[in-house]
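Letter by letter, the chains look like this.
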Amino acid sequence: MDQTLRLAADAEGMRTAVALLARGDLVALPTETVYGLAADAGNPRAVAAIFEAKGRPLFNPLIVHCADARMAATFARMPAAAECLADAFWPGPLTLVLARREDARLADLVTAGLDTVALRVPAHPVAAEILHRLGRPVAAPSANPSGRVSPTTADHVLDGLSGRIAAVVDAGPCAVGVESTIVGFAAGEPTLLRPGGLPAEAIEAVLDRPLADPSDEDITAPGQLRSHYAPGARLRLAASAPRRGEGWLGFGPLPDGVTGPALTLTRTGDLREAAANLFGHLRALDRKVGPDGAIAVAPVPETGLGRAINDRLHRAAAPRD
Ligand code: TXA
Ligand code: MG
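The residue count restarts for each chain, going from 1 along the sequence in the order it is written. Whichever chain is written first is A, and whichever ligand is written first is 1; the rest continue in order. Residue-level local features of this predicted model are given only where pLDDT is at least 70; pairs of side-chain atoms are given and counted only at 80 or more, and the full residue set underlies all totals for whole chains, interfaces and linings. Where side-chain values are given, they derive from all heavy atoms of the structure, hydrogens and water being excluded.

A.B. asks: Explain helix α4 (residues 80-89) residue by residue, including any values.
C.D. replies: Per-residue accessibility, obtained with a 1.4 Å probe over protein chains only, is compared with the maximum for each type, and a residue is labelled buried under 20%, exposed over 50%, and partly exposed between these values. Helix and strand definitions here come from DSSP, where helices need a minimum of 4 consecutive H or I residues and strands a minimum of 2 consecutive E residues; each element is numbered from the N-terminal end. Along α4, the residues classified as buried are A82, L85, A86 and F89. Taken around the axis of α4, the buried residues stretch over an arc of 100 degrees, which confines them to a single face. Within α4, the exposed residues directed more than 90 degrees away from the buried face are A80 and D87. Contact partners of the buried residues in α4: β6 (94-100), β10 (181-184) and α8 (200-207). Summarising the geometry, the arc corresponds to the directions from the helix axis toward the C-beta atoms. It only takes one pair of heavy atoms within 4.5 Å for two residues to be counted as in contact.

Written as structure tokens, this is what we have:
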């Protein structure tokens, strides 16, 4: 691959994206959560190319993105609780892990050999339009090299994958900014496999019961690698202020007297704004402090979208090999 095309999110750009996907090329697409690296989910070579472009461990399965709930239902059996969640939250930032139908026409690599499949109907109008025109689902992980920070702009995508993918459709920054919430139904219990862009509280309100936590030995928990979403710099979490030489990622107004590189996720404590800013700010600070630098991070409340933000921060801070 020589050059990655930057396509406009207009009729022509979307037509080109659909044509590229239909012939098995990789195209990064905007979704409401983060940019996804899409390939035709029924084309084994195209799906394999995703793993190659990202340098992703082959055992990590991919989310299948569908145009609507009807398309999704052709790939998996939906227990009543799953239908209820699909009705309430699709299209939107919710992924359901369900029992895969035997006749589901999906490349085996998509599910990494599991008998379950992760399904999502994205709400972003550009992703939705492309999926409708393509008429079949795409497998799409976040469009970043494996283990690195997820992209929330087309520039982020190009920073990591330029020259390794056919195109990116540029629709500006993603509104939600963290990946979808993942819910599984192993043993019939709705289980929170990954906190994400849809607050767990909203899901529990619709189910009228609490979500179960995945058991420790649950191999299906996503982002199984503890160090994930990692910037180059080290992160120091729940800090009250930056130490000398540290960058600062704040929550609320910036503390007085900060001299190093500093950004705040939100001045007012708005968790939506904080989620939307998270990955972009991590990238910007990472660039400023450099790979041997450190970033101190203010505490973020553990409610609503704060759970997804804290989950990503803990992974970004985890020790690496
Ligand atoms: O918001 C999102 O979910 C974004 C956008 C592009 O849609 N996608 C995304 O994909 O975050 P990715 O590949 O970075 O994360 C998908 C997670 C992985 O950690 C994987 O382990 C989990 O979903 N997953 C996929 N299939 C699964 C399955 N059958 N059982 C359990 N977990 C699964
Ligand atoms: Mg990812």
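Once the structure has been displayed, the description carries forward.
A.B. asks: Quick rundown of the environment of V64? Include the residues and the values.
C.D. replies: Within the secondary structure layout, V64 lies in strand β4 (residues 63-65). Its relative accessible area of 0% is what places V64 among the buried residues. For V64 and A38, which are 26 residues apart along the polypeptide, the C-alpha to C-alpha distance reads 9.3 Å. Discounting residues that sit within four places of it in the chain, V64 has contacts with L106, V110, V117, A118, L119, R120, P137, V138 and A139.

A.B. asks: Describe the packing of helix α1 (residues 11-22) against helix α6 (residues 125-134), and please don't skip the residues or the numbers.
C.D. replies: Structural elements are reduced to axes, namely lines fitted to C-alpha atoms, with helices fitted over the stretch in contact, and the angle between N-to-C directions of any two is expressed from 0 to 180 degrees. Closest axis-to-axis distance for the α1/α6 pair is 10 Å, and the angle between their directions is 50 degrees. Between α1 and α6, the interaxial angle falls into the category oblique. α6 is crossed by α1, and the crossing has right-handed handedness. Residues A11, M14, R15, A17, V18, L21 and A22 of α1 lie in contact with α6, whose contacting residues are V126, E129, I130, R133 and L134. In this count, Pro and Cys sit with the nonpolar residues alongside Ala, Val, Leu, Ile, Met, Phe, Trp and Tyr, while Asp, Glu, Lys and Arg are called charged and the others, Gly among them, polar. Grouping the amino acids of the contact of α1 with α6 by side-chain chemistry returns nine nonpolar, no polar and three charged. Geometric relationships in this document are graded by angle, where less than 35 degrees denotes roughly parallel, more than 145 denotes roughly antiparallel, 65 to 115 denotes roughly perpendicular, and other angles denote oblique. Less than a right angle of anticlockwise turn of the near helix away from the far helix marks a crossing as left-handed, whereas a clockwise turn marks it as right-handed.

A.B. asks: Requested: an account of the nonpolar core, with residues and values cited.
C.D. replies: Definition of nonpolar core: a set of buried residues of the types Ala, Val, Leu, Ile, Met, Phe, Trp, Tyr and Cys, connected through side-chain atoms within 4.5 Å. Formed by 71 residues in total, the largest nonpolar core has its most connected members in L96 and L119. With six residues, the single largest contributor to this core is helix α2 (residues 44-54). Beyond its immediate stretch of four places on either side in the chain, L96 contacts A82, L85, A86, W90, V117, A118, L119, V183 and F185. A239, L271, V289 and A298 belong to the second largest nonpolar core, which has 29 residues in total.

A.B. asks: Break down the pairing of strand β13 (residues 247-250) for me, citing the residues and quoting the values.
C.D. replies: In summary, the side chains of a regular strand alternate between the two faces of the sheet. Going residue by residue along β13, you find G247 and L249 tucked away on one face and W248 and G250 tucked away on the opposite face as well. Strand pairing is assigned whenever DSSP detects at least two bridges linking the two strands. Note: β13 against strand β14 (residues 262-264), three bridges, orientation parallel. Residue pairing for β14: G250 is matched across the bridge by T264.

In short, the description is geometric, and any link to function would need to be established separately.
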